[in-house]
Amino acid sequence: EKILRHDDILKTYRGILANGRVPLIVDCGANIGLATKYFNEQYISAQFVVVEPDSDNLRYAKINNKKSLALVEYMECGINCNNGSANLLNSSGDNTAYQTEISNSGNIRLLSLNDLINEKIASGCDPFIIKIDIEGFEDNLFKSNLDWIKKCPLIMIELHDWMLPYKSNSRFFLQAIAQRNRDFILAGENIFSVNNNN
């Protein structure tokens, strides 16, 4: 089901292309790449960055997007406010429930979303959609280095207070979004944060 701001989002996508730039879609916590596949079918001229810390999930993401006509870059890492490292946790055994935990000795690389977006802007892309489903790690992502938010027309995020009671896990996201001129649209499990300045 399309959200009411869908026409505005499509206009932004076309505007990026009209300016000779490439719309950038970043799938943070891509799992097996189904969101990337959906976006790929809708926005065939976009460039995609698929971020997933689990190697098996990333392998399936590549399989699920092997017919992609768009440029898709796969990164086996986690996303964070800063570069660093983490351990990969999975207490449930479900491949959809991997969590990252910051650790100086961790074997999972953490990548700053701010740095990633700035790097892609320098290479000719303009941020378009940032999808975030990182199983509670949004608490860390939204702590600092948030310049990227104002550059993103659409942020699509799943929050996880339901999974992590008594931890106020969404507080930094809510603080970051509330002070900006963005619409907050709840649709199923997802929140769509749409930039009103575009």
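For the structure, see preceding data.
Because the structure is predicted, anything quoted here is derived from the model rather than measured.

**Q** I would appreciate a short explanation of the overall build of the protein chain in the present structure.
**A** Across its full length, the protein chain holds seven helices and eleven strands. Here the C-alpha atoms of the protein chain give a radius of gyration of 16 Å, agreeing with the 16 Å that 2.2 N^0.38 yields for 198 residues. With respect to the three principal axes, the spread of C-alpha positions in the protein chain is 45 × 40 × 35 Å. The buried share of the protein chain, taken over its 198 residues, is 51%. For the protein chain, contacts bridging at least 24 residues in sequence account for 66% of all contacts bridging at least 6. Positive and negative side-chain charges of the protein chain, numbering 20 and 24 respectively, have mean locations separated by a distance of 6 Å.

**Q** Any chance you could explain the packing of aromatic side chains here in plain terms?
**A** What characterises a pair of aromatic rings is the spacing of the ring centres plus the angle enclosed by the ring planes. Counted by the stated rule, this structure contains six aromatic pairs. Ring-pair connections join several aromatic residues into one group, and the members of that group are Tyr-13, Tyr-43 and Phe-128. Cation over ring: Arg-59 sits above Tyr-60, and NZ or CZ is 4.8 Å from the ring centre.

**Q** Please clarify how the side chain of Ser-193 should be interpreted in this entry.
**A** Following the sequence through the fold, Ser-193 ends up in strand β11 (residues 190-195). A polar contact of 2.6 Å, which involves the side chain of Ser-193, links it to the side chain of Arg-182.

**Q** Got a minute to help me understand the nonpolar core in this structure?
**A** Membership of the largest hydrophobic core comes to 33 residues, with the highest contact counts inside it found for Leu-113, Ile-132, Phe-142 and Trp-148. For this core, the secondary structure elements donating two or more residues are β1 (22-28), β2 (47-51), β7 (108-112), α4 (113-122), β8 (125-132), α6 (147-151), β9 (154-157) and α7 (171-178). A per-element tally of this core places α7 first, with four residues. Those residues in contact with Trp-148 that lie beyond four places of it in its chain are Leu-113, Asn-114, Ile-117, Ile-130, Ile-132, Leu-141, Phe-142 and Ile-155. Membership of the second largest hydrophobic core comes to 22 residues, among which are Leu-10, Phe-39, Ala-61 and Val-194.

The rules we used
Residues numbered from 1 in each chain as written. Predicted model: local features only at pLDDT ≥ 70, side-chain atom pairs only at ≥ 80, totals over all residues. Heavy atoms only, no water. Helix = DSSP H or I, 4+ residues; strand = E, 2+ residues; numbered from the N terminus. Rg over C-alpha atoms; globule rule 2.2 N^0.38 Å. Buried < 20%, exposed > 50% of the residue type's maximum accessible area, 1.4 Å probe, protein only. Contact = heavy atoms within 4.5 Å. Lys, Arg positive; Asp, Glu negative; His and termini not counted. Charge placed at Lys NZ, Arg CZ, Asp CG, Glu CD. Phe/Tyr/Trp six-rings, centres within 6.5 Å; stacked < 30°, edge-to-face > 60°. Lys NZ or Arg CZ within 6 Å of the ring centre and 35° of its normal. Polar contact = N/O pair within 3.5 Å; in protein donor to acceptor, adjacent residues only side chain to side chain. Core = buried A, V, L, I, M, F, W, Y, C linked by side-chain atoms within 4.5 Å.

Geometric values such as these leave the question of function open.
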